[in-house]
Amino acid sequence: MKARDRRVWILGLVIAIAVMMAVMSMPQVLKPVARFIVKSMGPYWILAVFIIGIIHGLKPDEHTWSITISYGLMQRNTRGVITAVAVFAGALTLVWTLMSALAGQLMGLLDTSLLDPYVDIIVGLTMIGVAAYLVFGNHEHTEEVKTADYKVIWIHGLAAAFGGDFFIVLILTIALIPLISPGLSFLVGLAFGIGSLIAQSVIVIAVYKGIVRSVRDWGTVAMAGRIALGILGLFMIGLGVTSLILPIEWGDTVY
């Protein structure tokens, strides 16, 4: 194995392990925090949801910066990083907006938490597929290093939107229905998504700049991002399978 290849794998493993540790060490605190913020801010509900969205974006899980960082590292510049995060988080926001609008009409009859394990597995398979295409595809004979297709990032975002803290959007919508018109319920998902997008962008840009300046070789960073994406895909599948097997999820005791 060449020295550059070793650096790529080491950097990819370090990034993946760091993200996995962040995900596993983060307690499931968003629900109690969201409840407190909504109660405290009263009529300023849209600002409350926006703040909760920012907190969500800062919290590592299967559809925040812990995933978008891999796509961010595959971009040549900060503009590309922002675009990658915006495409991923934009897909999330679209789903959340539509579902909060629907929940506003149905008053939250769906228990989407049951979908979490399956979403983790689907997201993991998507990540592995994208990583395999970028790592093993015949891209090295071109002058440009292959980056993740924005269409693929969009599809990944749509799949990831139904997992993790998605139920928070529905809970917030149901809780706020007495205060707002059902026709405005879409604003819950929209504000939540925009807040999450902003928070993710800040973290991913900071990590991207730090790693690129440290490594000083964008090609190595991009390849490491691909490796990390594949490893994190395996991690997500593991989380999904574990959730299906175990009767209690690792974060359930927090509530």
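Residues numbered from 1 in each chain as written. Predicted model: local features only at pLDDT ≥ 70, side-chain atom pairs only at ≥ 80, totals over all residues. Heavy atoms only, no water.

Trainee: Explanation requested: the overall build of the protein in the structure shown.
Mentor: For the protein, the helix and strand inventory stands at ten helices and zero strands. Classification of the 255 residues of the protein by burial places 51% in the buried group. Sequence-distant contacts in the protein: of pairs separated by 6 or more residues, those separated by 24 or more amount to 85%. Carbon and sulfur atoms make up 71% of the accessible area of the protein, which amounts to about 12,000 Å² in all. (Helix = DSSP H or I, 4+ residues; strand = E, 2+ residues; numbered from the N terminus. Buried < 20%, exposed > 50% of the residue type's maximum accessible area, 1.4 Å probe, protein only. Contact = heavy atoms within 4.5 Å. Areas by Shrake-Rupley, 256 points an atom, 1.4 Å probe, with all protein chains shown as cover.)

Trainee: Which parts of the structure should I look at to understand unusual backbone geometry?
Mentor: Excluding glycine, a negative phi dihedral is what most residues carry, and trans is how most peptide bonds are arranged. In the Ramachandran plot, Arg216 falls in the positive-phi region, its phi being about 65° despite a non-glycine side chain. With respect to the secondary-structure elements, Arg216 resides in the loop between α9 (186-215) and α10 (218-245).

Trainee: I keep staring at helix α7 (residues 150-160) and nothing clicks. Help me out?
Mentor: Among the residues of α7, Ile153, His156, Gly157, Ala159 and Ala160 are the ones counted as buried. In an axial view of α7, the angular spread of the buried residues amounts to 160°, which keeps them on one side of the axis. Exposed side chains of α7 directed beyond 90 degrees from the buried face belong to Lys151 and Ile155. (Arc of directions from axis to C-beta.)

Trainee: Any chance you could explain the packing of helix α3 (residues 45-58) against helix α8 (residues 166-176) here in plain terms?
Mentor: Between two packed helices, both the angle of their axes relative to each other and the distance between the axes serve to describe the pair. Running from amino to carboxyl end, α3 crosses α8 at an angle of 165°, the nearest separation of the two axes being 12 Å. Looking at the two axes, α3 sits roughly antiparallel to α8. Between α3 and α8 the crossing geometry is right-handed. In this structure, α3 uses Trp45, Val49 and Ile52 to contact α8, whose residues at the interface are Ile168, Leu172 and Leu176. In terms of residue class, the contact of α3 with α8 is made up of six nonpolar, no polar and no charged. (Axes fitted to C-alpha atoms, helices over the stretch in contact; angles between N-to-C directions. Parallel < 35°, antiparallel > 145°, perpendicular 65-115°, else oblique. Left-handed = near helix turned anticlockwise from the far one by under 90°. Nonpolar A, V, L, I, M, F, W, Y, C, P; charged D, E, K, R; others polar.)

Trainee: Even after reading the chapter, I still don't get helix α2 (residues 30-41), so can you show me in this structure?
Mentor: Three- or four-residue spacings in an α-helix give side chains the same orientation, since the helix completes a turn every 3.6 residues. Between its first and last C-alpha atoms α2 spans 16 Å; for twelve residues at 1.5 Å apiece the expected length is 16 Å, and the two agree. Inspection of α2 places Leu30, Ala34, Ile37, Val38 and Met41 among the buried residues, and these make up the whole buried set. One side of α2 holds all its buried residues, which, seen down the axis, span an arc of 95°. Across α2 from its buried face, at more than 90 degrees, point the exposed residues Phe36 and Lys39. Elements that come into contact with the buried residues of α2 comprise α3, α8 and α9. Backbone geometry just after α2 places Gly42 at a positive phi near 50°. (Expected span 1.5 Å × (residues − 1).)

Trainee: What's the story with the packing of α2 against α3 in this structure? I'm lost.
Mentor: For the pair α2 and α3, the least separation of the axes is 9 Å and the interaxial angle reads 155°. Viewed along their axes, α2 and α3 adopt a mutual orientation that is roughly antiparallel. Note on packing geometry: the crossing formed by α2 with α3 is right-handed. Contact residues: α2 offers Leu30, Val33, Ala34, Ile37, Val38 and Met41, while α3 offers Leu47, Ala48, Ile51, Ile52, Ile55 and His56. Taken together, the residues that form the contact of α2 with α3 break down as eleven nonpolar, one polar and no charged.

Trainee: Hey, could you run me through the side chain of Ser185 in this one?
Mentor: Residue position: Ser185 is located in the loop between α8 and α9. Excluding its chain neighbours within four sequence positions, the residues that come into contact with Ser185 are Ser100, Ala101, Gly104, Thr173, Ile177 and Ile180.

Trainee: Looking at this structure, how should I read the confidence of the model for the protein?
Mentor: Caution is warranted with low-pLDDT regions, since their predicted coordinates should not be read in detail. Per-residue confidence for the protein gives a mean pLDDT of 80, with 82% of residues at or over 70. Segment residues 139-143 is flagged for pLDDT under 50; beyond a separation of four residues in sequence, or across chains, it makes seven contacts in the model. Below a pLDDT of 50 lies the segment residues 248-255, which in the model reaches 14 contacts outside its immediate sequence neighbourhood of four places, other chains included. (pLDDT = per-residue confidence, 0-100.)

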